[in-house]
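Fold and geometry: a report
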Amino acid sequence: MKNLRILLVGQPNVGKSSLLNALVGQKVTVSNYPGTTVEITKAKKKINNTNIEFVDTPGIYSISDRSEEEEVTEKALFNEELDVAVVIADATSLERSLYVVLQIIESLIPVVLVLNFIEDAKKKGIDVDCEKLERYLNVPVVPINPLTKRGTSQLVDIIMKIKRAPMQSYKIEYDDHIEKGINKLSNYIKGRLPKRFIALRILEEDKHFYKYLKKQRILEDVKKILKVHPKLAEDIAITRFGTASFIAQKVTQMCSLKKEKKSHDGIDNILLHKTFGLLATGLFFIVIFGILLYLGNFIQTVFMNTTENILSSFGMTDHSIVSLILMSGLTGLAAGISIALPYVFLFYLLLGLLEDVGILSRFIVNAERFLKKIRLPGKSFIPLLLGLGCTAPATRATRILSSKKEQVYTASLLAFVPCSSRIALIMGIVGYYGGIIMAFSVFATLFVAGLIWALGIAKITHLEREPLLLELPPYRKPFVKNILAKSWLRMKDFVYIVVPLLALGGIAYGILEVVGLTSIIVKPLSPITSWLGLPSETIVPLVFGFLQKDLTGAMLITVLGSDISAALAPLQIYTFGTAAAIGIPCIISLGMLIREFGSKKALFITAASIIYGILFTGIIWRIFSIF
Amino acid sequence: MEKGVIMTGNPDVLRIVKEDILRTIAEKKGKIKINIIKRDVKVYFSFISKAIEYLEKEGFIQSEKGVYELTEKGVRKAKDILRKHFVFENYFKRTRTKKEAHEIAHILEHYVSEEVINNIQKLSTFKGKGNSLAKLKIHKSGLITNIAISDNRLFERMASMGIFPGEEITITNEVPNAVIIKIKNNKFALDKEIAGKVMVLEYEKS
């Protein structure tokens, strides 16, 4: 039995995931904006006694150290064993695809070049000569179309035959000085990776590769040789790009350019208009929110009834401790499934649609206008948006940001982005008992609190602003299968991690209830409730809501009785809703924060956001009660 | 062989002169009189008239009463020449002496045909390095002449995305925080801050 490990590499949107889909036929995610795959997707296939493992990597334009997603791909390329890197190139803009191809060839990893979008290119009058390209680069070139599966079997054949040994492929020759520098540096490089490649990365000032230097001092000596190149890294990049563009020119033939039939510039004239763009972005989200609340509510009712029926069919009539605890666990699970699941899934479905059509990247551009005011890069829009679904996967999505600082900052903002459970709480408790205006005041309060928090952080920390540089993919017709697959991928975290923990949270609450601990916290924590102007029993749902947010409403009814409007004044309902929704919401998101940033930072963010939230809510309550 | 020396009998000479003429006409917004060509393309006149004859025959230029004009085909060809020119111009700008310029041409000779290098070394007449992209008006096009960004990573990222000196660039939309540009068939949102550092030589889109 033979094992092969194949890496799929290419720029964002070039069709890596679609190719994986075509090769393996499993559900994998495909997206239409940069930065969807933060982690590596793997898929296995067995062909004639060979186990082939395909590894899909986050999109990269080049090998450099810009962001964590690129790091993931770099690690996959250089830190792990692999047999072939299948590099996917875009036939409509071959030269920039060739850039990363040349870099990987420089690293002596066996490469198979795959050309996608050939039909699109032909429509645009671009004809790529694959055989000529193959001769230039001396690597196999396969034209493919993941949708019709054209070329996939040929690709598999080539992969099966390829030798592990480094190939004599195209070699970029830099000018004499740089070549001299490479040679000198090569003598001081350790490790199994090709010395020429490492030397180049070091000369390009890629700090990740400095660790391969035996003697750091040598770099200064080499830089002396290279005095003629005051901008050495730039010169290397220029040469590489020049080579890519030269090869692309040689193998590409421009036919008579017919006018493109469909131009989507019209849509961009609205979506990227200085005022209409913002309006469109805002409007879209209001509509999405509306659909979410309306449809989500509907599905929720259906789910609720079903789970209630199932629960009652267990028919646990005895009031033994075990069955009480078990029951609360099941209630927790049921609440999670019936309240959060429909919202989260629907939301990710809509988001996936926006992504695949290509609209989302335009929204990022519009959102960046505000995000840059709080010193966040445009990309942070994605985790913030995901936060409207579930805070835990959104915390994980902060990985697409370049620096740890930005990641922590964005994750802390998720404390003020209401997730599905919090939305359900606000609509279900505040909206139901206090009216829709009260519910929207809670959303507004969260927004204002988040804004002040963000402005504060932007003021005290020195975040280097990352300028906007984003590719806007062409509008494409969405494929239902892809969107479903992607929504599922995002849901997976939620289903496998969040939902079971919801049951655990329910059980934990059940135990505390049985042991009678819940009432113990009422007295010591009464300063908090009195600061918020709430009856002291409300601390129970506020505190235990952290174990299971979806049970907050149910707990409130337990401690106050079902007639909440009688127990709480409208303003109190508002304060309760705000206090319950503000801050890092639950133990699951805390867990995710610990996983991403370590327990120290995670606990700090959680505590700080909750304390700030309580203080803020109390102040707002005091302001409101004057009137 | 010493580069940059045009020798008679070299089959490439005619081609170089032809490309020079196309470039000269392109620089003068597509229309030019013969005496201007004579002034700017510094080779024997017999070469020029020969080259013009070929260019007309091949359909790159057309003439009317001594005024030469690029045809559609000629415009495409001229753009290609300008594009190559800028790639190298970018190099030569940084190096001061002729000798150093010559050294750096060594890099290029590996992947660019000799006649292009000859051509480039002969070109010293090109005027202007263009304006900042931030000043380019919406729907206007130009060629990127230089990207003056000190952050290597950002530069490499841009290069690998295809935003590079020599590329033809069009502004399709403008939002307060960014310009939306089109290079080849790809669209990008480029921060105003970056746009300020990208130099572009504007030309009328044909």
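Residues numbered from 1 in each chain as written. Chains lettered and ligands numbered in written order. Predicted model: local features only at pLDDT ≥ 70, side-chain atom pairs only at ≥ 80, totals over all residues. Heavy atoms only, no water.

The full count for this structure, using the stated rule, is 15 aromatic pairs over all chains. An angle of 90 degrees between the planes, with centres 5.8 Å apart, marks the rings of phenylalanine 197 of chain A and phenylalanine 209 of chain A as edge-to-face. Note that phenylalanine 197 of chain A is positioned in helix 8 (residues 195-203) and phenylalanine 209 of chain A in the loop between helix 8 and helix 9 (218-225), a separation of twelve residues in sequence. Pair check on accessibility: phenylalanine 197 of chain A and phenylalanine 209 of chain A agree, each one buried. Considering the side-chain rings of tyrosine 432 of chain A and tyrosine 433 of chain A, the 5.0 Å spacing of their centres and the 85 degrees angle between planes classify their relative orientation as edge-to-face. With relative accessibility at 22%, the residue tyrosine 433 of chain A sits in the partly exposed group. Each member of the aromatic cluster is reached from another via a ring pair, and the members are Phe78, Phe197, Phe209 and Tyr212 of chain A. Between lysine 57 of chain B and the ring centre of tyrosine 54 of chain B, over which it is positioned, the NZ or CZ distance is 5.3 Å. When the ring centre of phenylalanine 60 of chain B is taken as reference, the NZ or CZ atom of lysine 73 of chain B above it lies at 4.8 Å. (Phe/Tyr/Trp six-rings, centres within 6.5 Å; stacked < 30°, edge-to-face > 60°. Helix = DSSP H or I, 4+ residues; strand = E, 2+ residues; numbered from the N terminus. Buried < 20%, exposed > 50% of the residue type's maximum accessible area, 1.4 Å probe, protein only. Lys NZ or Arg CZ within 6 Å of the ring centre and 35° of its normal.)

What follows is about a negative patch on the surface. On the surface, Asp127, Asp129, Glu131 and Glu134 of chain A cluster together to form a negatively charged patch. Structurally, aspartate 129 of chain A can be placed in the loop between strand 6 (126-128) and helix 5 (130-137). (Patch = residues over 30% accessible without salt bridge, like charges linked within 9 Å, V, L, I, M, F, W, Y side chains within 5 Å. Areas by Shrake-Rupley, 256 points an atom, 1.4 Å probe, with all protein chains shown as cover. Salt bridge = Lys/Arg side-chain N within 4 Å of Asp/Glu carboxyl O. Lys, Arg positive; Asp, Glu negative; His and termini not counted. Charge placed at Lys NZ, Arg CZ, Asp CG, Glu CD.)

Here the focus is a nonpolar patch on the surface. All names here are of chain A. Residues Ile321, Leu324, Ile511, Val514, Val515, Leu517 and Ile520 make up a contiguous nonpolar surface patch of about 590 Å² in total accessible area. When residues of the nonpolar patch are traced back to their parent elements, those giving at least two are helix 13 (321-357) and helix 20 (480-515). Here the nonpolar patch gets three residues from one element, more than from any other, and that element is helix 20.

The subject of this paragraph is the pattern of salt bridges. Residues and elements named next belong to chain A. Per the stated rule, a full pass over the model turns up twelve salt bridges over all chains. Of the charged contacts, one joins arginine 196 and glutamate 179 as a salt bridge, the two residues approaching to 3.0 Å between their closest N and O atoms. Taken together, the positions of arginine 196 in helix 8 and glutamate 179 in helix 7 (residues 176-186) put the pair 17 residues apart, joining distant regions of the chain. The exposure classification of arginine 196 matches that of glutamate 179, with both residues buried.

Bringing the side chain of glutamate 406 of chain A into the picture now. Residues and elements named next belong to chain A. On the secondary structure map, glutamate 406 appears in helix 17 (residues 404-413). In this structure, glutamate 406 is buried with no salt-bridge partner, the nearest side chain bearing the opposite charge being lysine 379 at 6.9 Å. Among all residues touching glutamate 406, those that are not within four sequence positions of it are Leu376, Pro377, Leu401, Leu463, Glu464 and Glu466. (Contact = heavy atoms within 4.5 Å.)

On to the pairing of strand 7 (residues 178-183) of chain B. All names here are of chain B. With five of its six residues buried, strand 7 lies for the most part within the structure. With six bridges connecting them, strand 6 (residues 168-175) and strand 7 associate as antiparallel partners. Its bridge partner lying in strand 7, asparagine 173 is registered against isoleucine 180. A loop of two residues connects strand 6 with strand 7, the two strands running antiparallel in sequence. Inspection of the sheet shows strand 7 paired to strand 8 (residues 186-191) by six bridges, in the antiparallel sense. Across the sheet, the residue bridging to valine 179 is leucine 190, located in strand 8. Here strand 7 folds back onto strand 8, and the loop between the two strands holds two residues, one of which, lysine 184, carries a positive phi near 55 degrees. (Pairing = 2+ DSSP bridges.)

Attention shifts here to the confidence of the model for chain A. In the predicted model, chain A carries a mean pLDDT of 82, and 92% of its residues have values of at least 70. Low pLDDT (under 50) marks residues 29-36 of chain A, which in the prediction has 41 contacts with non-local residues, meaning those over four places away or in another chain. (pLDDT = per-residue confidence, 0-100.)

Before going further, it helps to spend a moment on helix 8 of chain A. Residue and element names in this part refer to chain A. Burial analysis of helix 8 places eight of its nine residues in the buried class, which makes it a mostly covered element. Every buried residue belonging to helix 8 is among Arg196, Phe197, Ile198, Ala199, Leu200, Arg201, Ile202 and Leu203, and all of these are buried. Glutamate 205, located one to two residues past helix 8, shows a positive phi value of around 60 degrees.

Frequently, the measure chosen for interface size is the accessible area removed from exposure when the parts meet. The interface of chain B with chain A comprises 49 residues on the first partner and 60 residues on the second. Between chain B and chain A, a total of about 4,900 Å² is buried, with carbon and sulfur atoms accounting for 52% of that surface. Summed over the shared surface of chain B and chain A, the result is one salt bridge. Measuring nitrogen to oxygen at the nearest pair gives 2.4 Å for the salt bridge that ties aspartate 268 of chain A to lysine 187 of chain B. Across the chain B-chain A interface, the total number found is ten residue pairs in polar contact (both at pLDDT 80 or more). (Buried area = accessible area lost by both parts, 1.4 Å probe. Polar contact = N/O pair within 3.5 Å; in protein donor to acceptor, adjacent residues only side chain to side chain.)

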